[in-house]
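Here's the letter readout for the chains.
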Amino acid sequence: MQTITTPTGEKLVVIPLEHYEALIDAADVASAEKVAASVLSGEEELVPASVVKELVEGGNPVRVWRRYRGLTARDLASKAGISPAFLSEIETGRKEGSVSALKRLAGALKVDLDDLV
């Protein structure tokens with residue numbers, strides 16, 4: 001290891017490449033373990049590629065998440081405290097839905113509001 005002090009007083013360290021690569025590998029492992037722990041604890045959720053694809057391709061987020069959660073439109077409307085007709089209008093894009101309604105839908109779907117807008 002070599003220490004270098006720059007003209008501004010900043011200290012830099014030079015290490016062998018294999019040591020640097022080992023540090024990077026250790027950081028990658030630690031990061032992967034953190035993600036795995038948050039998935040196992042239920043704090044984070046893995047979403048299937050098919051769901052992501054449908055969202056990326058422009059599928060209505062409320063409908064995509066509802067189907068992924070295995071809910072009927074009537075069940076979701078009931079859980080969110082809105083009418084099935086209003087939910088249908090949101091899912092088909094005829095209405096955007098109020099912030100309040102979208103928050104209730106997000107809660108019922110167990111997603112962040114950002115996932116629906």
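Above this text is the structure in question.
Residues numbered from 1 in each chain as written. Predicted model: local features only at pLDDT ≥ 70, side-chain atom pairs only at ≥ 80, totals over all residues. Heavy atoms only, no water.

Asker: Is there a simple way to think about the pattern of salt bridges in this case?
Answerer: Two side chains that carry opposite charge are able to pair once their charged atoms sit near each other. Evaluation of the coordinates by the stated rule reveals five salt bridges. Two residues, Arg66 and Glu91, come together in a salt bridge whose shortest N-O distance is 2.6 Å. With a gap of 25 residues between them, Arg66 in helix H3 (residues 61-68) and Glu91 in helix H5 (residues 84-92) connect regions that are remote in the sequence. The shortest N-O distance in the salt bridge between Glu89 and Lys95 comes to 3.4 Å. Looking at Glu89, the relative accessible area reads 22%, which means it is partly exposed. The exposure class assigned to Lys95 is partly exposed, which follows from its relative accessible area of 41%. (Salt bridge = Lys/Arg side-chain N within 4 Å of Asp/Glu carboxyl O. Helix = DSSP H or I, 4+ residues; strand = E, 2+ residues; numbered from the N terminus. Buried < 20%, exposed > 50% of the residue type's maximum accessible area, 1.4 Å probe, protein only.)

Asker: Sorry, what's going on with the pairing of strand S1 (residues 2-5) here?
Answerer: Regular strands show a simple pattern: their side chains alternate between the two faces of the sheet. Direction of pairing for S1 relative to strand S2 (residues 11-14): antiparallel, over a ladder of four bridges. Residue pairing in the sheet places Gln2 in a bridge with Val14 of S2. Count of turn residues in the S1/S2 antiparallel hairpin: five residues, of which Gly9 carries a positive phi of about 95 degrees. (Pairing = 2+ DSSP bridges.)

Asker: I'm lost on a negative patch on the surface in this one. Help?
Answerer: Taken together, the side chains of Glu43, Glu44, Asp112, Asp114 and Asp115 present a region of like negative charge at the surface. Summarising the element assignment, Asp114 is placed in the segment after helix H6 (99-109). The class for Asp114 is exposed, based on a relative accessible area of 62%. (Patch = residues over 30% accessible without salt bridge, like charges linked within 9 Å, V, L, I, M, F, W, Y side chains within 5 Å. Areas by Shrake-Rupley, 256 points an atom, 1.4 Å probe, with all protein chains shown as cover. Lys, Arg positive; Asp, Glu negative; His and termini not counted. Charge placed at Lys NZ, Arg CZ, Asp CG, Glu CD.)

Asker: What's the story with the packing of helix H2 (residues 49-56) against H3 in this structure? I'm lost.
Answerer: Axis angle and axis distance: for two packed helices, these are the angle between their axes and the distance between the axes, and together they describe the pair. Packing of H2 against H3 brings their axes to within 9 Å, and their N-to-C directions diverge by 165 degrees. Considered as vectors, H2 and H3 are oriented roughly antiparallel to each other. Where H2 crosses over H3, the handedness of that crossing is right-handed. Taking contact as the criterion, the partners of Val51, Glu54 and Leu55 in H2 are, on H3, Pro61, Val64, Trp65, Arg67 and Tyr68. Classifying every residue of the contact of H2 with H3 by side-chain character gives six nonpolar, no polar and two charged. (Axes fitted to C-alpha atoms, helices over the stretch in contact; angles between N-to-C directions. Parallel < 35°, antiparallel > 145°, perpendicular 65-115°, else oblique. Left-handed = near helix turned anticlockwise from the far one by under 90°. Contact = heavy atoms within 4.5 Å. Nonpolar A, V, L, I, M, F, W, Y, C, P; charged D, E, K, R; others polar.)

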